[in-house]
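# Observations on the three-dimensional arrangement
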Amino acid sequence: MKTIKVSVVTPDGPVYESDVEMVSTKALSGELGILPGHIPMVAPLQIGAVRLITGGNTKYIAVSGGLLEVRPDQVSILAESAEVSDHIDVERAMKAKERAEQRLHAQKQEHVDFKRAELALQRAINRITIAGK
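Let us look at the structure shown here. Predicted model, so just to flag it, every value in this text is computed and none were measured.

Moving on: the overall build of the protein. Per the secondary structure count, the protein includes two helices and eight strands. Secondary structure of the protein in N-to-C order comes out as β-β-β-β-β-β-β-β-α-α. When burial is assessed residue by residue, the protein has 39% of its 133 residues classed as buried. A fraction of 50% describes how many contacts in the protein between residues 6 or more apart in sequence connect residues 24 or more apart. For the protein, the exposed surface amounts to about 7,900 Å²; the carbon and sulfur share of it is 51%. Here the protein contributes 17 positive and 17 negative side-chain charges, whose respective centroids are spaced 3 Å apart.

Once that is clear, we can look at the pattern of salt bridges. Taken as a whole and assessed by the stated rule, the structure comprises six salt bridges. Across the pair E83 and R127 runs a salt bridge whose closest N-O atoms are separated by 2.5 Å. In this pair, E83 is assigned in strand β8 (residues 82–84) and R127 in helix α2 (residues 114–131), connecting sequence segments 44 residues apart. Grouping residues by exposure puts E83 and R127 together as buried.

For the rest of this paragraph, the subject is the nonpolar core. Residues V6, V23, L52, I61, L68, V75 and I77 are the most contacted members of the largest nonpolar core, which totals 22 residues. At the level of secondary structure, the elements contributing two or more residues to this core comprise β1 (4–10), β2 (13–20), β3 (22–27), β4 (30–34), β5 (41–54), β6 (57–71), β7 (74–79) and β8. Counting residues in hydrophobic clusters, the runner-up holds five residues, among them L104, A117, A120 and L121.

Another aspect to go through is α2. Its 18 residues give α2 an end-to-end C-alpha distance of 26 Å, which sits within 8% of 26 Å, the value for a rise of 1.5 Å per residue. Along α2, the residues that are buried comprise A117, A120, L121, A124, N126, R127 and I130.

So, how was this worked out
- Residues numbered from 1 in each chain as written.
- Predicted model: local features only at pLDDT ≥ 70, side-chain atom pairs only at ≥ 80, totals over all residues.
- Heavy atoms only, no water.
- Helix = DSSP H or I, 4+ residues; strand = E, 2+ residues; numbered from the N terminus.
- Buried < 20%, exposed > 50% of the residue type's maximum accessible area, 1.4 Å probe, protein only.
- Contact = heavy atoms within 4.5 Å.
- Areas by Shrake-Rupley, 256 points an atom, 1.4 Å probe, with all protein chains shown as cover.
- Lys, Arg positive; Asp, Glu negative; His and termini not counted.
- Charge placed at Lys NZ, Arg CZ, Asp CG, Glu CD.
- Salt bridge = Lys/Arg side-chain N within 4 Å of Asp/Glu carboxyl O.
- Core = buried A, V, L, I, M, F, W, Y, C linked by side-chain atoms within 4.5 Å.
- Expected span 1.5 Å × (residues − 1).

What follows is the structure, encoded as structure tokens:
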């Protein structure tokens, strides 16, 4: 079966690079499935999972937004942060979730940035969900 090269990069450096048969992820415009030979495109990503399918095996990467660039032979994901499911520290993610929830419940205080706390909660839940796959 044909493959497409995938690279996931963050400001801290590369997170994943391999050839896969299919990439599936959520862009702001909706769910995308990318196969070799896909038309070129660029799309902003949501906080969510990138699924990489090869030989019947699925690998998950938690991404916290970013950009997806698709070329017929390559997919590049430039993410704000990204973690392969095997490397997610669940305990740390649970603590981040608790902190974000506390900030959201304390939103009556003027110094709490509600949107920032909401995004932190989404990122933590995404990491916890993906770590379980």
